[in-house]
Amino acid sequence: MLVNLTNHPSGKWDHTQYSAAVERYHHIVDLPFPHIDPKATLKEVAEWAEKYLFDILELRSKNQQDDVFAVLLMGEWTFCFQLAIRLREHSIPVLATTTVREVSMKGDQKISIFRFSGFRPYFELS
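Residues numbered from 1 in each chain as written. Predicted model: local features only at pLDDT ≥ 70, side-chain atom pairs only at ≥ 80, totals over all residues. Heavy atoms only, no water.

Student: Just checking my understanding: could you explain the pattern of salt bridges for this structure?
Tutor: Between side chains of opposite charge, a pair can form when the charged atoms approach closely. Following the criterion strictly, the structure yields four salt bridges and no others. Between K43 and E47 there is a salt bridge, and its shortest N-O distance comes to 3.2 Å. Taken together, the residues span about one helical turn, with K43 and E47 both in helix α2 (residues 42–62) at a distance of four residues. With a relative accessible area of 60%, K43 lands in the exposed category. (Salt bridge = Lys/Arg side-chain N within 4 Å of Asp/Glu carboxyl O. Helix = DSSP H or I, 4+ residues; strand = E, 2+ residues; numbered from the N terminus. Buried < 20%, exposed > 50% of the residue type's maximum accessible area, 1.4 Å probe, protein only.)

Here's what the structure looks like:
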């Protein structure tokens, strides 16, 4: 199972990214990314991370038949960092997507398109 904790629901991913996720993780569960107030304290961010850790651990325990389990985590940086270190303590792989940026110009307007390239782990698990 791949837990998608980003601002991009898996139903809107391009075919390449969706297929790569299903091939490796068999199915995807979308968790809505929290709105983190820019004025939130580190303590508040850590509380969000604890809440999401609990939700992810519950998903893992309910899906123990899955031979692979990982979390795709991208969004507000301090929340991602706080949650990633907690997930690591539970030996849960945390991933980010990698992309190739294609830039073109249309008149004075720069147009950037990001093409999925792969998944990269935040860290190696021992």
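Now, onward.
Student: It is not clear to me how helix α1 (residues 15–25) should be interpreted in this structure. Could you clarify?
Tutor: The periodicity of an α-helix, 3.6 residues per turn, causes residues three or four positions apart to be oriented the same way. Every buried residue of α1 is listed here: Q17, A21 and Y25. Looking straight down α1, one finds its buried side chains confined to an arc of 30°; they lie on one side. Among the exposed residues of α1, those oriented more than 90 degrees off its buried face are H15 and E23. Along its buried surface, α1 packs onto β1 (2–5), β2 (28–30), β3 (70–73), β4 (94–106) and β5 (109–121). A side-chain oxygen of the first residue of α1 lies 3.2 Å from the backbone nitrogen of T16; this N-cap is D14. Note on α1: the residue one or two positions beyond its end, H26, has a positive phi of about 75°. (Arc of directions from axis to C-beta. Contact = heavy atoms within 4.5 Å. Polar contact = N/O pair within 3.5 Å; in protein donor to acceptor, adjacent residues only side chain to side chain.)

Nothing here speaks to function; it is all geometry.
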